[in-house]
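# Close look at the chain arrangement
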Amino acid sequence: MYVSASDPAAGGSRPRPRLSWRVPGNVLALGAVSLVTDVSSEMVTAVLPLYLTLSLGLSMLQFGALDGLYTGVTALVRLAGGQLADRWRRRKLVAGAGYGLSALCKLGLLAAGGSVPALGAVIAADRTGKGLRTAPRDALITLSAPPGALGHAFGVHRAMDTFGALLGPLAAYAVLTATGGAYDAVFVTSFCAAVLGVLLLVLYVREPRETAGPRLPASLRAAAGLLRQASFRRLCVAAAALGLVTVSDAFVYLLLQQRAGLDPAVFPLLPVGSSAAYLLLAVPAGRLADRVGRAPVFLAGHAALAAACVLLLGPGWIVPVLLLHGAFYAATDGVLMAVAGPLLPAHLRTSGLALLQTGQAVARTLSSVLFGALWTVWGGDLALTAMTAGLAACALAVLPLLRPVRENTGENTREEGP
(Lines give C-alpha, C1' and ligand atoms only; values in the text may rest on other atoms or scores of the structure.)
Protein backbone atom coordinates (compact mmCIF):
# COMPACT_ATOMS: atom_id res chain seq x y z
CA MET A 1 0.00 0.00 0.00
CA TYR A 2 1.28 3.44 -0.89
CA VAL A 3 -0.41 6.57 0.53
CA SER A 4 0.51 10.10 -0.46
CA ALA A 5 0.45 12.89 2.09
CA SER A 6 -1.06 15.13 -0.59
CA ASP A 7 -4.31 13.26 -0.01
CA PRO A 8 -6.59 15.41 2.13
CA ALA A 9 -6.89 12.57 4.61
CA ALA A 10 -3.16 12.72 5.10
CA GLY A 11 -3.33 16.29 6.34
CA GLY A 12 -0.67 17.85 4.16
CA SER A 13 -0.16 19.57 0.85
CA ARG A 14 3.29 18.26 -0.06
CA PRO A 15 3.47 14.67 -1.36
CA ARG A 16 5.15 12.55 1.26
CA PRO A 17 4.92 8.77 1.06
CA ARG A 18 3.79 6.64 3.94
CA LEU A 19 4.97 3.11 3.34
CA SER A 20 3.31 -0.10 4.40
CA TRP A 21 5.26 -3.12 5.58
CA ARG A 22 3.04 -5.44 3.50
CA VAL A 23 4.80 -7.39 0.78
CA PRO A 24 2.95 -9.10 -2.12
CA GLY A 25 2.89 -12.89 -1.92
CA ASN A 26 4.49 -13.23 -5.33
CA VAL A 27 7.49 -11.21 -4.15
CA LEU A 28 7.84 -13.49 -1.12
CA ALA A 29 7.61 -16.57 -3.35
CA LEU A 30 10.31 -15.20 -5.65
CA GLY A 31 12.37 -14.41 -2.57
CA ALA A 32 12.10 -18.02 -1.41
CA VAL A 33 13.24 -19.25 -4.84
CA SER A 34 16.21 -16.87 -4.78
CA LEU A 35 17.09 -17.84 -1.20
CA VAL A 36 17.38 -21.54 -2.01
CA THR A 37 19.09 -20.89 -5.35
CA ASP A 38 21.66 -18.63 -3.73
CA VAL A 39 22.50 -21.32 -1.19
CA SER A 40 23.35 -23.46 -4.20
CA SER A 41 25.29 -20.88 -6.22
CA GLU A 42 27.20 -19.37 -3.29
CA MET A 43 28.42 -22.80 -2.20
CA VAL A 44 30.30 -22.94 -5.49
CA THR A 45 31.24 -19.25 -5.63
CA ALA A 46 32.77 -19.38 -2.14
CA VAL A 47 35.32 -22.06 -3.04
CA LEU A 48 36.19 -21.13 -6.66
CA PRO A 49 38.70 -18.26 -6.11
CA LEU A 50 41.13 -20.26 -3.99
CA TYR A 51 40.47 -23.43 -5.95
CA LEU A 52 41.45 -21.72 -9.19
CA THR A 53 44.39 -19.69 -7.87
CA LEU A 54 45.89 -22.14 -5.36
CA SER A 55 44.84 -25.60 -6.48
CA LEU A 56 45.06 -24.99 -10.23
CA GLY A 57 47.74 -22.27 -10.04
CA LEU A 58 46.08 -19.65 -12.27
CA SER A 59 47.76 -16.24 -12.47
CA MET A 60 45.82 -13.16 -11.43
CA LEU A 61 45.42 -12.20 -15.08
CA GLN A 62 43.96 -15.64 -15.88
CA PHE A 63 41.74 -15.48 -12.82
CA GLY A 64 40.61 -11.99 -13.80
CA ALA A 65 39.59 -13.31 -17.22
CA LEU A 66 37.60 -16.18 -15.67
CA ASP A 67 36.07 -13.85 -13.10
CA GLY A 68 35.09 -11.51 -15.91
CA LEU A 69 33.56 -14.46 -17.74
CA TYR A 70 31.62 -15.34 -14.59
CA THR A 71 30.24 -11.80 -14.45
CA GLY A 72 29.90 -10.93 -18.09
CA VAL A 73 28.67 -13.99 -19.96
CA THR A 74 25.18 -13.15 -18.70
CA ALA A 75 25.31 -10.10 -20.96
CA LEU A 76 25.16 -12.40 -24.00
CA VAL A 77 21.74 -13.79 -23.06
CA ARG A 78 20.04 -11.15 -20.90
CA LEU A 79 18.55 -9.36 -23.89
CA ALA A 80 17.47 -12.65 -25.47
CA GLY A 81 15.82 -13.72 -22.23
CA GLY A 82 14.11 -10.37 -21.86
CA GLN A 83 12.84 -10.47 -25.43
CA LEU A 84 11.46 -13.99 -25.08
CA ALA A 85 9.75 -13.15 -21.81
CA ASP A 86 8.11 -10.01 -23.23
CA ARG A 87 7.11 -11.53 -26.57
CA TRP A 88 5.57 -14.64 -25.00
CA ARG A 89 4.44 -12.77 -21.88
CA ARG A 90 5.74 -15.82 -20.02
CA ARG A 91 8.27 -14.36 -17.61
CA LYS A 92 7.92 -17.25 -15.19
CA LEU A 93 8.66 -19.79 -17.95
CA VAL A 94 11.84 -18.01 -19.10
CA ALA A 95 13.02 -17.53 -15.52
CA GLY A 96 12.37 -21.22 -14.83
CA ALA A 97 14.48 -22.23 -17.84
CA GLY A 98 17.34 -20.15 -16.46
CA TYR A 99 17.08 -21.67 -12.99
CA GLY A 100 16.96 -25.18 -14.48
CA LEU A 101 20.07 -24.64 -16.63
CA SER A 102 22.07 -23.35 -13.67
CA ALA A 103 21.01 -26.38 -11.64
CA LEU A 104 22.29 -28.77 -14.30
CA CYS A 105 25.63 -26.93 -14.40
CA LYS A 106 26.34 -27.94 -10.82
CA LEU A 107 26.64 -31.49 -12.11
CA GLY A 108 28.81 -30.20 -14.95
CA LEU A 109 31.38 -29.05 -12.39
CA LEU A 110 31.81 -32.69 -11.39
CA ALA A 111 32.66 -33.65 -14.96
CA ALA A 112 34.99 -30.66 -15.49
CA GLY A 113 37.45 -31.75 -12.81
CA GLY A 114 40.64 -29.69 -12.95
CA SER A 115 40.37 -28.76 -16.63
CA VAL A 116 40.41 -24.97 -16.92
CA PRO A 117 38.72 -24.92 -20.38
CA ALA A 118 35.99 -27.27 -19.12
CA LEU A 119 35.51 -25.17 -16.01
CA GLY A 120 35.23 -22.08 -18.18
CA ALA A 121 32.56 -23.77 -20.31
CA VAL A 122 30.54 -24.83 -17.26
CA ILE A 123 30.84 -21.36 -15.72
CA ALA A 124 29.65 -19.84 -19.00
CA ALA A 125 26.64 -22.17 -19.10
CA ASP A 126 25.81 -21.46 -15.46
CA ARG A 127 25.97 -17.71 -16.05
CA THR A 128 23.81 -18.18 -19.15
CA GLY A 129 21.15 -19.57 -16.84
CA LYS A 130 21.54 -16.57 -14.57
CA GLY A 131 21.29 -14.23 -17.54
CA LEU A 132 18.04 -15.85 -18.64
CA ARG A 133 16.39 -15.67 -15.23
CA THR A 134 17.45 -12.34 -13.74
CA ALA A 135 15.50 -9.84 -15.85
CA PRO A 136 12.25 -11.91 -15.94
CA ARG A 137 12.47 -12.38 -12.16
CA ASP A 138 12.98 -8.65 -11.55
CA ALA A 139 10.20 -7.83 -14.02
CA LEU A 140 7.87 -10.12 -12.07
CA ILE A 141 8.71 -8.15 -8.92
CA THR A 142 8.02 -4.78 -10.58
CA LEU A 143 4.69 -6.09 -11.88
CA SER A 144 3.71 -7.61 -8.52
CA ALA A 145 4.27 -4.53 -6.31
CA PRO A 146 3.01 -0.91 -6.55
CA PRO A 147 5.58 1.48 -8.07
CA GLY A 148 5.76 3.59 -4.92
CA ALA A 149 6.82 0.59 -2.82
CA LEU A 150 9.27 -1.01 -5.25
CA GLY A 151 12.29 -0.13 -3.13
CA HIS A 152 10.75 -1.98 -0.20
CA ALA A 153 9.71 -4.93 -2.38
CA PHE A 154 13.18 -5.29 -3.88
CA GLY A 155 14.70 -4.83 -0.44
CA VAL A 156 12.68 -7.74 0.94
CA HIS A 157 13.50 -9.90 -2.08
CA ARG A 158 17.20 -9.08 -1.90
CA ALA A 159 17.22 -9.72 1.86
CA MET A 160 15.83 -13.21 1.30
CA ASP A 161 18.23 -13.73 -1.61
CA THR A 162 21.11 -12.61 0.59
CA PHE A 163 20.11 -14.91 3.43
CA GLY A 164 20.71 -17.73 0.96
CA ALA A 165 24.03 -16.14 0.00
CA LEU A 166 24.93 -16.11 3.69
CA LEU A 167 24.02 -19.77 4.17
CA GLY A 168 25.81 -20.95 1.00
CA PRO A 169 29.43 -20.38 2.16
CA LEU A 170 28.57 -21.83 5.57
CA ALA A 171 27.17 -24.91 3.86
CA ALA A 172 30.27 -25.19 1.67
CA TYR A 173 32.53 -24.88 4.70
CA ALA A 174 30.54 -27.53 6.56
CA VAL A 175 30.63 -29.94 3.61
CA LEU A 176 34.37 -29.45 3.06
CA THR A 177 35.06 -29.93 6.75
CA ALA A 178 32.93 -33.07 6.97
CA THR A 179 34.41 -34.63 3.81
CA GLY A 180 38.04 -33.64 4.25
CA GLY A 181 38.05 -31.11 1.44
CA ALA A 182 36.03 -33.00 -1.19
CA TYR A 183 34.89 -30.44 -3.75
CA ASP A 184 32.69 -33.07 -5.43
CA ALA A 185 30.54 -33.22 -2.32
CA VAL A 186 30.08 -29.44 -2.46
CA PHE A 187 28.93 -29.63 -6.09
CA VAL A 188 26.42 -32.46 -5.41
CA THR A 189 24.92 -30.64 -2.41
CA SER A 190 24.72 -27.47 -4.50
CA PHE A 191 22.82 -29.33 -7.23
CA CYS A 192 20.23 -30.63 -4.76
CA ALA A 193 19.57 -27.11 -3.45
CA ALA A 194 19.25 -25.76 -7.01
CA VAL A 195 16.61 -28.40 -7.88
CA LEU A 196 14.60 -27.38 -4.80
CA GLY A 197 14.67 -23.76 -6.02
CA VAL A 198 13.21 -24.79 -9.40
CA LEU A 199 10.41 -26.71 -7.66
CA LEU A 200 9.52 -23.68 -5.51
CA LEU A 201 9.29 -21.52 -8.64
CA VAL A 202 6.99 -23.99 -10.40
CA LEU A 203 4.70 -24.44 -7.41
CA TYR A 204 4.38 -20.99 -5.86
CA VAL A 205 5.31 -18.18 -8.28
CA ARG A 206 2.48 -16.86 -10.47
CA GLU A 207 2.48 -14.83 -13.66
CA PRO A 208 0.82 -11.41 -12.96
CA ARG A 209 -2.34 -10.76 -14.95
CA GLU A 210 -1.93 -8.54 -18.00
CA THR A 211 -4.02 -5.38 -18.23
CA ALA A 212 -6.72 -5.45 -20.85
CA GLY A 213 -5.95 -3.72 -24.13
CA PRO A 214 -4.23 -4.21 -27.47
CA ARG A 215 -1.16 -6.43 -27.53
CA LEU A 216 1.77 -4.06 -28.03
CA PRO A 217 4.89 -5.19 -29.92
CA ALA A 218 7.89 -6.40 -27.92
CA SER A 219 10.52 -6.48 -30.65
CA LEU A 220 14.24 -5.93 -30.25
CA ARG A 221 13.84 -2.66 -32.12
CA ALA A 222 11.18 -1.52 -29.67
CA ALA A 223 13.45 -2.47 -26.75
CA ALA A 224 16.35 -0.51 -28.23
CA GLY A 225 13.98 2.40 -28.66
CA LEU A 226 13.72 2.63 -24.87
CA LEU A 227 17.10 4.38 -24.96
CA ARG A 228 15.40 7.35 -26.62
CA GLN A 229 13.79 8.01 -23.25
CA ALA A 230 16.18 10.46 -21.59
CA SER A 231 15.76 9.26 -17.98
CA PHE A 232 16.31 5.61 -18.84
CA ARG A 233 19.26 6.40 -21.12
CA ARG A 234 20.97 8.42 -18.38
CA LEU A 235 20.43 5.58 -15.91
CA CYS A 236 21.98 3.02 -18.30
CA VAL A 237 25.04 5.22 -18.92
CA ALA A 238 25.54 5.87 -15.21
CA ALA A 239 25.23 2.18 -14.26
CA ALA A 240 27.67 1.08 -16.98
CA ALA A 241 30.19 3.80 -16.12
CA LEU A 242 30.19 2.85 -12.44
CA GLY A 243 30.46 -0.84 -13.38
CA LEU A 244 33.73 -0.13 -15.20
CA VAL A 245 35.40 0.87 -11.91
CA THR A 246 33.73 -1.64 -9.58
CA VAL A 247 36.15 -4.08 -7.93
CA SER A 248 34.61 -7.55 -8.10
CA ASP A 249 33.76 -9.59 -5.02
CA ALA A 250 36.42 -12.20 -5.69
CA PHE A 251 39.21 -9.63 -5.77
CA VAL A 252 37.90 -7.96 -2.61
CA TYR A 253 38.07 -11.29 -0.78
CA LEU A 254 41.49 -12.21 -2.21
CA LEU A 255 42.91 -8.84 -1.15
CA LEU A 256 41.36 -9.15 2.30
CA GLN A 257 42.74 -12.65 2.74
CA GLN A 258 46.23 -11.41 1.87
CA ARG A 259 46.03 -8.27 4.03
CA ALA A 260 44.74 -10.09 7.09
CA GLY A 261 46.92 -13.17 6.57
CA LEU A 262 43.93 -15.49 6.86
CA ASP A 263 44.24 -19.25 6.63
CA PRO A 264 42.98 -20.38 3.20
CA ALA A 265 40.67 -22.83 4.97
CA VAL A 266 38.49 -19.97 6.24
CA PHE A 267 38.42 -18.11 2.90
CA PRO A 268 34.91 -19.42 2.02
CA LEU A 269 33.60 -17.69 5.15
CA LEU A 270 34.50 -14.16 3.98
CA PRO A 271 31.38 -13.79 1.81
CA VAL A 272 29.32 -14.56 4.93
CA GLY A 273 30.30 -11.20 6.40
CA SER A 274 29.24 -9.29 3.29
CA SER A 275 26.02 -11.26 3.06
CA ALA A 276 25.19 -10.63 6.72
CA ALA A 277 25.58 -6.87 6.23
CA TYR A 278 23.56 -7.01 3.01
CA LEU A 279 20.84 -9.01 4.76
CA LEU A 280 20.55 -6.50 7.61
CA LEU A 281 20.60 -3.43 5.37
CA ALA A 282 18.62 -4.50 2.29
CA VAL A 283 15.14 -3.67 3.59
CA PRO A 284 16.16 -0.40 5.36
CA ALA A 285 18.02 0.70 2.23
CA GLY A 286 15.01 -0.07 0.04
CA ARG A 287 12.62 1.81 2.29
CA LEU A 288 15.04 4.74 2.53
CA ALA A 289 15.25 4.80 -1.26
CA ASP A 290 11.43 4.93 -1.53
CA ARG A 291 11.36 7.84 0.92
CA VAL A 292 14.33 10.07 -0.01
CA GLY A 293 15.03 9.01 -3.59
CA ARG A 294 16.52 5.89 -5.16
CA ALA A 295 19.26 7.55 -7.23
CA PRO A 296 20.95 9.16 -4.17
CA VAL A 297 20.91 5.85 -2.31
CA PHE A 298 22.38 4.13 -5.37
CA LEU A 299 25.29 6.59 -5.41
CA ALA A 300 25.76 6.25 -1.63
CA GLY A 301 26.25 2.51 -2.16
CA HIS A 302 29.19 3.18 -4.46
CA ALA A 303 30.63 5.53 -1.85
CA ALA A 304 30.50 2.61 0.59
CA LEU A 305 32.44 0.44 -1.87
CA ALA A 306 35.07 3.17 -2.30
CA ALA A 307 35.43 3.36 1.49
CA ALA A 308 35.89 -0.42 1.66
CA CYS A 309 38.63 -0.19 -0.97
CA VAL A 310 40.40 2.52 1.02
CA LEU A 311 40.34 0.29 4.10
CA LEU A 312 41.71 -2.59 2.01
CA LEU A 313 44.83 -0.50 1.44
CA GLY A 314 45.45 -0.67 5.19
CA PRO A 315 46.29 -3.61 7.45
CA GLY A 316 43.20 -5.64 6.57
CA TRP A 317 40.32 -4.63 8.83
CA ILE A 318 38.03 -7.54 8.13
CA VAL A 319 34.78 -6.46 9.80
CA PRO A 320 34.61 -2.85 8.49
CA VAL A 321 35.50 -3.95 4.94
CA LEU A 322 32.83 -6.65 4.90
CA LEU A 323 30.22 -4.32 6.41
CA LEU A 324 30.89 -1.67 3.77
CA HIS A 325 30.92 -4.29 1.03
CA GLY A 326 27.51 -5.54 2.13
CA ALA A 327 26.22 -1.96 2.35
CA PHE A 328 27.31 -1.43 -1.26
CA TYR A 329 25.05 -4.23 -2.46
CA ALA A 330 22.15 -3.26 -0.18
CA ALA A 331 22.13 0.26 -1.62
CA THR A 332 22.67 -0.61 -5.28
CA ASP A 333 21.41 -4.03 -6.41
CA GLY A 334 17.65 -3.90 -5.91
CA VAL A 335 17.61 -0.10 -5.75
CA LEU A 336 18.81 0.17 -9.37
CA MET A 337 15.97 -2.10 -10.52
CA ALA A 338 13.51 -0.06 -8.45
CA VAL A 339 14.66 3.11 -10.22
CA ALA A 340 14.35 1.54 -13.66
CA GLY A 341 11.11 -0.42 -13.32
CA PRO A 342 8.61 2.49 -13.31
CA LEU A 343 10.46 4.19 -16.19
CA LEU A 344 9.58 1.29 -18.51
CA PRO A 345 6.26 0.35 -20.13
CA ALA A 346 4.86 -2.96 -18.89
CA HIS A 347 5.05 -4.71 -22.27
CA LEU A 348 8.81 -3.98 -22.48
CA ARG A 349 9.60 -4.16 -18.76
CA THR A 350 11.73 -7.31 -18.96
CA SER A 351 13.61 -6.19 -22.08
CA GLY A 352 14.36 -2.80 -20.55
CA LEU A 353 15.69 -4.27 -17.33
CA ALA A 354 17.75 -6.73 -19.38
CA LEU A 355 19.18 -3.85 -21.41
CA LEU A 356 20.23 -2.04 -18.22
CA GLN A 357 21.68 -5.19 -16.67
CA THR A 358 23.55 -6.03 -19.88
CA GLY A 359 25.39 -2.72 -19.92
CA GLN A 360 26.31 -3.14 -16.28
CA ALA A 361 27.45 -6.76 -16.77
CA VAL A 362 29.65 -5.90 -19.77
CA ALA A 363 31.22 -3.05 -17.81
CA ARG A 364 31.95 -5.28 -14.81
CA THR A 365 33.47 -7.90 -17.09
CA LEU A 366 35.91 -5.33 -18.45
CA SER A 367 36.57 -4.15 -14.89
CA SER A 368 37.57 -7.64 -13.74
CA VAL A 369 39.93 -8.15 -16.67
CA LEU A 370 41.42 -4.69 -16.18
CA PHE A 371 41.92 -5.17 -12.46
CA GLY A 372 43.54 -8.56 -13.01
CA ALA A 373 45.91 -7.02 -15.57
CA LEU A 374 46.76 -4.10 -13.28
CA TRP A 375 47.44 -6.48 -10.40
CA THR A 376 49.71 -8.59 -12.62
CA VAL A 377 51.71 -5.56 -13.82
CA TRP A 378 51.65 -3.19 -10.84
CA GLY A 379 50.76 -5.36 -7.86
CA GLY A 380 47.63 -5.38 -5.72
CA ASP A 381 48.20 -2.05 -3.92
CA LEU A 382 48.63 0.13 -7.00
CA ALA A 383 45.83 -1.68 -8.84
CA LEU A 384 43.44 -1.08 -5.93
CA THR A 385 44.52 2.57 -5.62
CA ALA A 386 43.85 3.18 -9.31
CA MET A 387 40.41 1.53 -9.19
CA THR A 388 39.41 3.39 -6.02
CA ALA A 389 40.38 6.73 -7.54
CA GLY A 390 38.49 5.82 -10.71
CA LEU A 391 35.38 4.89 -8.70
CA ALA A 392 35.39 8.20 -6.81
CA ALA A 393 35.89 10.21 -10.01
CA CYS A 394 33.21 8.28 -11.86
CA ALA A 395 30.65 8.74 -9.06
CA LEU A 396 31.14 12.50 -9.28
CA ALA A 397 30.96 12.41 -13.08
CA VAL A 398 27.63 10.55 -13.22
CA LEU A 399 25.96 12.70 -10.56
CA PRO A 400 24.60 15.15 -13.19
CA LEU A 401 23.20 12.17 -15.13
CA LEU A 402 21.27 10.80 -12.16
CA ARG A 403 19.86 14.09 -10.89
CA PRO A 404 17.31 14.45 -13.72
CA VAL A 405 16.20 10.79 -13.56
CA ARG A 406 12.43 10.79 -13.02
CA GLU A 407 11.41 8.34 -10.33
CA ASN A 408 7.79 7.29 -10.80
CA THR A 409 6.22 6.51 -7.43
CA GLY A 410 2.59 6.53 -8.50
CA GLU A 411 0.22 3.64 -8.07
CA ASN A 412 -0.04 2.81 -11.76
CA THR A 413 2.34 2.91 -14.70
CA ARG A 414 0.60 3.57 -17.99
CA GLU A 415 1.44 0.96 -20.59
CA GLU A 416 2.61 2.67 -23.72
CA GLY A 417 5.17 2.37 -26.43
CA PRO A 418 8.72 3.73 -26.03
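What counts as what
Every residue gets a number counted from 1 within its own chain, in the order that chain's sequence is written. Per-residue local features are limited, in this predicted model, to residues with pLDDT of at least 70; the limit for side-chain atom pairs, both in listing and counting, is 80 or more; totals at the level of whole chains, interfaces and linings are taken over all residues. Hydrogens and water molecules were not included; the side-chain quantities draw on all heavy atoms of the structure. Each helix is a run of DSSP H or I of at least 4 residues and each strand a run of E of at least 2, with the numbering of both proceeding from the N terminus. Using a 1.4 Å probe on the protein chains alone, a residue whose accessible area is under 20% of its type maximum counts as buried, one over 50% counts as exposed, and one in between counts as partly exposed. Whether two residues touch is decided by their heavy atoms; if any such pair falls within 4.5 Å, the residues are in contact. All accessible-area figures derive from a Shrake-Rupley calculation using a 1.4 Å probe, and residue coverage is judged against the displayed protein chains alone. For Phe, Tyr and Trp, rings pair up if their centres lie within 6.5 Å, where Trp contributes its six-membered ring, and each pair is then called stacked (planes under 30 degrees apart), edge-to-face (over 60) or tilted (otherwise). Note on geometry: axes are lines fitted to C-alpha atoms, helical ones only across the stretch in contact, with angles between N-to-C directions running from 0 to 180 degrees. Between 65 and 115 degrees an angle is taken as roughly perpendicular, under 35 as roughly parallel, over 145 as roughly antiparallel, and anywhere else as oblique. Two helices that cross are described as forming a left-handed crossing if the nearer one is turned anticlockwise from the farther one by less than a right angle, and a right-handed crossing if clockwise. We call Asp, Glu, Lys and Arg charged. Ala, Val, Leu, Ile, Met, Phe, Trp, Tyr, Cys and Pro are nonpolar, and the rest, Gly among them, are polar. In these notes, a set of buried Ala, Val, Leu, Ile, Met, Phe, Trp, Tyr and Cys residues joined through side-chain atoms within 4.5 Å is what counts as a nonpolar core. Patches here: salt-bridge-free residues with over 30% relative accessible area, like charges joined within 9 Å, nonpolar side chains (Val, Leu, Ile, Met, Phe, Trp, Tyr) joined within 5 Å. Whenever a carboxyl oxygen of Asp or Glu lies within 4 Å of a side-chain nitrogen of Lys or Arg, that contact is scored as a salt bridge. Take the number of residues in a helix, subtract one, and multiply by 1.5 Å to get its expected span. Note on bend: the value at a residue is the angle between axes fitted to the seven residues ending there and to the seven starting there. Each residue carries a pLDDT value, the predictor's own confidence for that position, ranging from 0 to 100.

### With respect to the overall build of the chain
Of regular secondary structure, the chain possesses 15 helices and two strands. Residues counted as buried form 56% of the 418 residues belonging to the chain. Excluding contacts between residues fewer than 6 apart, the proportion of contacts in the chain whose partners are at least 24 apart in sequence is 83%. By element, 67% of the accessible surface of the chain is carried by carbon and sulfur atoms, the whole surface being about 16600 Å².

### Looking at the packing of aromatic side chains
Inspection of the entire model under this criterion finds five aromatic pairs. Joined through ring pairs, the aromatic side chains of Phe251, Phe371 and Trp375 make up one cluster.

### Quick notes on the packing of helix α9 (residues 230-243) against helix α14 (residues 349-378)
In contact at an axis separation of 7 Å, α9 and α14 are set at 20° when each is read in the N-to-C sense. In terms of orientation, α9 lies roughly parallel with respect to α14. Here the hand of the crossing between α9 and α14 comes out right-handed. Between α9, through Phe232, Leu235, Cys236, Ala239, Ala240 and Gly243, and α14, the contact on the second element is made entirely by Gly352, Leu355, Leu356, Gly359, Gln360, Ala363, Arg364 and Ser367. Classifying every residue of the contact of α9 with α14 by side-chain character gives eight nonpolar, five polar and one charged.

### A closer look at the nonpolar core
Formed by 106 residues in total, the largest nonpolar core has its most connected members in Leu356, Phe371 and Leu402. If near-sequence neighbours (up to four positions away) are discounted, Phe371 is found in contact with Val247, Phe251, Leu255, Ala383, Leu384 and Met387.

### Focus: the side chain of Arg158
Tracing the backbone through its elements, the reader meets Arg158 in helix α6 (residues 150-179). Setting aside residues no more than four positions away along its own chain, Arg158 makes contact with Arg137, Asp138, Ile141, Tyr278, Ala282, Asp333, Gly334 and Met337.

### Some points on the environment of Tyr329
Assignment of secondary structure puts Tyr329 in helix α13 (residues 318-340). For Tyr329, a relative accessible area of 18% gives the class buried. Once you skip the residues sitting within four places of it in the chain, Tyr329 turns out to touch Asp249, Tyr278 and Arg364.

### Quick word on a nonpolar patch on the surface
On the surface, a nonpolar cluster with roughly 600 Å² of combined accessible area is contributed by Val195, Leu196, Leu199, Val202, Leu203 and Tyr204. Following the sequence through the fold, Val202 ends up in helix α7 (residues 183-204).

### Regarding the pattern of salt bridges
In this structure the tally under the stated criterion is nine salt bridges. For Arg91, the salt bridge goes to Glu207, with nearest N and O atoms at 3.5 Å. Placement of the pair is Arg91 in helix α4 (residues 91-112) and Glu207 in the loop between α7 and α8 (220-224), with a sequence separation of 116 residues. What makes Arg91 buried here is its relative accessible area of 2%. On the basis of relative accessibility, which here comes to 24%, the residue Glu207 falls in the partly exposed class. Here the salt bridges do not stand alone but share partners, grouping Arg137, Asp138, Arg158 and Asp333 into one network.

### Topic: the packing of α9 against α13
The interhelical angle for the contact between α9 and α13, taken along N-to-C directions, is 160°, at an axis separation of 10 Å. Between α9 and α13, the angle falls in the class roughly antiparallel. α9 and α13 meet at a crossing whose hand is left-handed. Taken together, the residues of α13 that come into contact with α9 (itself represented by Phe232, Leu235 and Ala239) are Leu336, Val339 and Ala340. Looking at side-chain class alone, the contact of α9 with α13 contains six nonpolar, no polar and no charged residues.

### Some points on helix α10 (residues 249-260)
Counted at 1.5 Å a residue, the expected span for α10 with its 12 residues is 16 Å, and the 16 Å between its end C-alpha atoms agrees. Listed as buried for α10 are Ala250, Phe251, Val252, Tyr253, Leu254, Leu255, Leu256 and Gln257. Within two residues after α10, Gly261 carries a phi angle of roughly 65°, on the positive side.

### Side note on helix α15 (residues 380-402)
With 23 residues, α15 extends 32 Å from end C-alpha to end C-alpha; this agrees with the ideal 33 Å at 1.5 Å per step. Its axis deflected by about 25° at Leu396, α15 carries its strongest bend there, up to four residues before the proline Pro400. Taken together, the buried positions of α15 are Gly380, Ala383, Leu384, Met387, Thr388, Leu391, Cys394, Ala395, Val398 and Leu402. Those residues of α15 hidden inside the fold are in contact with α9, α10, α12 (294-312) and α14.

### Quick look at the confidence of the model for the chain
Chain-level statistics for the chain give a pLDDT mean of 82 and a share of 84% at 70 or above. Note that residues 1-17 has pLDDT below 50 and, in this model, 31 contacts with residues that lie over four places away or in other chains. Of the regions scoring below 50 in pLDDT, residues 409-418 engages in 28 contacts with residues more than four places distant in sequence or in other chains.

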